[in-house]
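Examining the three-dimensional arrangement
Letter by letter, the chains look like this.
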Amino acid sequence: MVSPIIPLSLLVLLLSVSLANSASLEQSFVQCLKLNSGTNSSPDSLTYSPSNPSFISILDSTAQNLRCLVPSAPKPEFIFTPDGDSLVQAAVICSKKLGIHFIVRSGGHDYEGISYVSEIENPFIIIDLVKLRGINVDIKSNTAWVQAGATTGELYYRIYEKSSIHGFPAGLCTSLGIGGHITGGAYGSMMRKYGLGVDNVIDAKIVDANGRILDRKAMGEDLFWAIRGGGGGSFGILLWWKVNLVPVPPTVTVFTVTKSIEQGATKILHRWQEVAPYVDENLFTRVIIQPSSASNKTQRTVTTSYNALFLGGASTLLQIMKKSFPELGLTRKDCLETSWIKSVLYVAGFPSGTPPEVLLKGKPTFKNFFKAKSDFVRKPIPETGLEGLWQKLLIEDSPLMIWNPYGGKMNQFSESDTPFPHRNGTLYKIQYLTLWEKGDKNPAKHIDWIRKLYNYMGPYVSSFPREAYVNYRDLDLGENTKNSTTYEKARSWGYSYYKNNFEKLVRIKSEVDPQNVFRHEQSIPTRRF
């Protein structure tokens, strides 16, 4: 079939009509905000349409996965960047009145870009919480109120400003928006000692589907349960989290030890599986796995880098490692004693000597074209399985795997304590990534490769369901279709992310948002009970 040729004059006319409609919608939205927000803010200066010179820079600003920002990706009618809670409240009210769909972005790290691109709703707008970055740390009560647009790095720095012996157990990546990060669970290098971010949340403020601002008491315990691990964008717009701070020692120890295949990586990694989930809960040792950077693929090998945080001094750590994991061969020279805040910088990959103030920049250090997937492992992968894995990694251009150990405090929670179910019995979590450069003429080959790798790993990971981490969203697991968020479709990914907690999440969603105001490609569906 031959596509019709559209005259240039008609294309210009269609574009003009589209921009005019967008401008009209933006004007109506701004007028509605003025009537409903009750603030002195100027909503005109907080909205950015495609005709605004700043539109593209704001759209791209916190987006981590450039795969989701290709020119053909749908663009919002405009971006709204509220600078106060009441404007978020008004945005929900006005979006409903005008019949326009909104998606919400707090940090932009979502792996499928669903906080800044909508393939199933058109038109749509983005409510970007980038200006909501307030943090109030109260050392006396060991708590902090954190606004949704603040990053984990900003929270860590504000705690550090007040105390060198307090911290918070959240993400290793310091540019994560705290709002969305905690809605998915929020794991980090202190999870084996203190659990997840959600395990240390004691209150919250959200805007619900009716435009009301609710705290824990007003929303009730069911909804408070749902927002702590039930994924972002399904139950409301998160405004604030109130979190408990945790104690950290004045001196912590970090190290990175790398072993290649030729240095015994297979046997050492097999042993790590038997040690890392059961060792002292003060020790978190993740493994970063990737091929070496040799230009000739026939000369490449696979390296496994053991990247660790120990909440204590080097001498104690060495005693633990000598007893539990001598195979790694850790020495005193490998160990760096430092403060907790500097360990944050180390684990996040900042160069040595970087001042903690870099955490206040809040910008992603990682922006690339990538596809990711995840798994949870409940029994050690045999050496033969690892050897097969090495062969898979060596044929891809830029693959990466990260294995994060569980155990410790994580085993003390039941699967139903929060929507995040990957608890007792989980040895570790796997993150799979494949990356490619701008201009790659065949990105589909990389996506095909990671899907084949995922299939290869099937026999070695959790099953019935095959578990996945909601903050590493993967639309391969299934997605809602245009104007349809059905329970039947959602089960395919719902049980992977939440296991049996999915049923409770659906019930709560049906009660608090029966009109499905908060929806996206993998939002929790409503259902009649």
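Cut-off values and rules
Residues numbered from 1 in each chain as written. Predicted model: local features only at pLDDT ≥ 70, side-chain atom pairs only at ≥ 80, totals over all residues. Heavy atoms only, no water. Helix = DSSP H or I, 4+ residues; strand = E, 2+ residues; numbered from the N terminus. Rg over C-alpha atoms; globule rule 2.2 N^0.38 Å. Buried < 20%, exposed > 50% of the residue type's maximum accessible area, 1.4 Å probe, protein only. Contact = heavy atoms within 4.5 Å. Areas by Shrake-Rupley, 256 points an atom, 1.4 Å probe, with all protein chains shown as cover. Pairing = 2+ DSSP bridges. Domains from an automatic or database assignment. Buried area = accessible area lost by both parts, 1.4 Å probe. Salt bridge = Lys/Arg side-chain N within 4 Å of Asp/Glu carboxyl O. Nonpolar A, V, L, I, M, F, W, Y, C, P; charged D, E, K, R; others polar. Axes fitted to C-alpha atoms, helices over the stretch in contact; angles between N-to-C directions. Parallel < 35°, antiparallel > 145°, perpendicular 65-115°, else oblique. Core = buried A, V, L, I, M, F, W, Y, C linked by side-chain atoms within 4.5 Å. Phe/Tyr/Trp six-rings, centres within 6.5 Å; stacked < 30°, edge-to-face > 60°. Disulfide = S-S within 2.5 Å.

1. Brief notes about the overall build of the protein chain
- A tally of helices and strands in the protein chain yields 15 helices and 18 strands.
- Against the globule reference of 24 Å for 529 residues, the protein chain gives a C-alpha radius of gyration of 23 Å, in line with a compact fold.
- In terms of overall dimensions, the protein chain has C-alpha extents of about 70 × 65 × 50 Å along its principal axes.
- Evaluated residue by residue, the protein chain yields a buried proportion of 58% over its 529 residues.
- A separation threshold of at least 6 residues defines the contact pool for the protein chain, and within that pool the share at least 24 residues apart is 73%.
- Summing over all exposed atoms, the protein chain offers an accessible surface of approximately 21,700 Å²; the carbon and sulfur share of this is 52%.

2. Some words on the sheet that holds strand β3 (residues 101-105)
- Sheet architecture is open: 4 strands sit in the order β1-β2-β4-β3, paired in mixed fashion. Across the chains shown, the open sheet's two edge strands, defined by having one partner strand only, are β1 (47-48) and β3.
- Note that β1 and strand β2 (residues 79-80) share 2 bridges and pair antiparallel. Each residue of the ladder has a partner; that of threonine 47, found in β2, is phenylalanine 80.

3. Quick look at the domain arrangement of the protein chain
- Per the domain assignment, the segments making up the protein chain are domain 1 (23-126), domain 2 (133-245) and domain 3 (250-337 + 367-456).
- In this structure, domain 1 and domain 2 have C-alpha centres spaced 23 Å apart.
- Counting the surface lost from both domain 1 and domain 2, the interface buries some 1,100 Å², and carbon and sulfur atoms represent 61% of this.
- In terms of surface lost to domain 2, no three residues of domain 1 exceed Asp85, Ser106 and His109, which account for 46% of the buried area on that side.
- If you look at where domain 1 meets domain 2, you find 0 salt bridges.
- For the side of domain 1 that touches domain 2, the element with the highest residue contribution is helix α3 (residues 85-98), accounting for 6 residues.
- For the side of domain 1 that touches domain 2, the residue count by class is 5 nonpolar, 4 polar and 2 charged.

4. Section: the environment of alanine 170
- Mapped onto the fold, alanine 170 is located in the loop between β7 (166-167) and α5 (178-183).
- Given a relative accessible area of 5%, alanine 170 falls into the buried group.
- Considering only alpha carbons, one finds alanine 170 and methionine 191, 21 residues apart in sequence, at a separation of 7.7 Å.

5. What to know about the packing of helix α12 (residues 383-394) against helix α13 (residues 443-457)
- The geometry of α12 relative to α13 is characterised by a closest axis approach of 11 Å and an angle of 175° between their N-to-C directions. The angle between α12 and α13 falls in the class roughly antiparallel. Contacts between α12 and α13 involve Thr384, Gly385, Gly388, Leu389, Lys392 and Leu393 on the former and, on the latter, Trp449, Leu453, Tyr456 and Met457.
- Split by residue class, the contact of α12 with α13 holds 6 nonpolar, 3 polar and 1 charged.

6. A word on the nonpolar core
- If you look at the biggest cluster of nonpolar residues, it comprises 122 residues, and the most contacted ones within it are Ile227 and Trp403.
- Summarising the domain contributions, this core has at least three residues from each of domain 2 (133-245) and domain 3 (250-337 + 367-456).
- Sequence-distant contacts of tryptophan 403, that is, excluding residues within four places in its chain, are made with Leu269, Trp272, Gln273, Arg286, Val287, Ile289, Ile381, Leu386, Leu389, Tyr428, Lys429 and Ile430.
- Judged by nonpolar contacts, the second largest core, of 27 residues, contains Cys32, Ile125, Trp240 and Val517.

7. A closer look at the pairing of strand β10 (residues 237-244)
- For β10, the buried fraction is high: 6 of the 8 residues fall into the buried class.
- For strand β6 (residues 143-147) and β10, the ladder comprises 5 bridges, and the chain directions are antiparallel. For threonine 143, the partnering residue across the bridge sits in β10 and is asparagine 244.
- Where strand β8 (residues 201-207) meets β10, 6 bridges bridge the pair, whose relative direction is antiparallel. Bridge pairing links isoleucine 206 to leucine 238 in β10.

8. Examining unusual backbone geometry
- With an omega dihedral of 5°, the bond running from asparagine 122 to proline 123 counts as a cis peptide bond.
- Positionally, proline 123 belongs in the loop between β3 and β4 (124-128).
- In this structure, proline 465 follows phenylalanine 464 across a cis peptide bond, with omega equal to 5°.
- If you trace the backbone, proline 465 turns up in the loop between α13 and α14 (487-498).
- Of note in this structure, phenylalanine 464 is not a glycine but carries a positive phi near 55°.
- Here phenylalanine 464 shows up in the loop between α13 and α14.
- Of note in the backbone geometry, asparagine 516 takes a positive phi value of approximately 60° without being a glycine.
- In this structure, asparagine 516 sits in the segment after α15 (501-512).

9. Brief notes about the packing of aromatic side chains
- One pass over the full model with this rule turns up 24 aromatic pairs.
- Relative to tyrosine 472, the ring of tyrosine 187 has its centre 6.4 Å away and its plane inclined at 90°; by these criteria the two rings are edge-to-face. Taken as a pair, tyrosine 187 in the loop between α5 and α6 (191-194) and tyrosine 472 in the loop between α13 and α14 lie far apart in primary sequence, 285 residues in all. The pair formed by tyrosine 187 and tyrosine 472 is uniform in burial state, with each residue classed as buried.
- Aromatic pair tyrosine 487 and phenylalanine 502: ring centres 5.8 Å apart, planes at 20°, arrangement stacked. Highlighted residues: tyrosine 487 in helix α14 and phenylalanine 502 in helix α15, separated in sequence by 15 residues.
- In this structure tyrosine 487 comes out as buried when scored by relative accessible area, which is 7%.

10. Some thoughts on the state of the cysteines
- Considering all chains together, one arrives at 1 disulfide under this definition.
- Two residues share a disulfide in this structure: cysteine 32 and cysteine 94, whose sulfurs sit 2.2 Å from each other. Looking along the S-S bond of the cysteine 32-cysteine 94 disulfide, the torsion reads about -90°, which is the left-handed sense. A residue pair is termed long-range when its members are at least 10 positions apart, and cysteine 32 in helix α1 (residues 8-36) and cysteine 94 in helix α3 qualify at 62 residues. Neither cysteine 32 nor cysteine 94 differs from the other in exposure class; each is buried.
- Here cysteine 173 stays unpaired: no disulfide links it, and the sulfur of cysteine 68, its closest cysteine neighbor, is 16 Å away.
- Taking relative accessible area as the criterion, cysteine 173 reaches 27% and is therefore assigned partly exposed.

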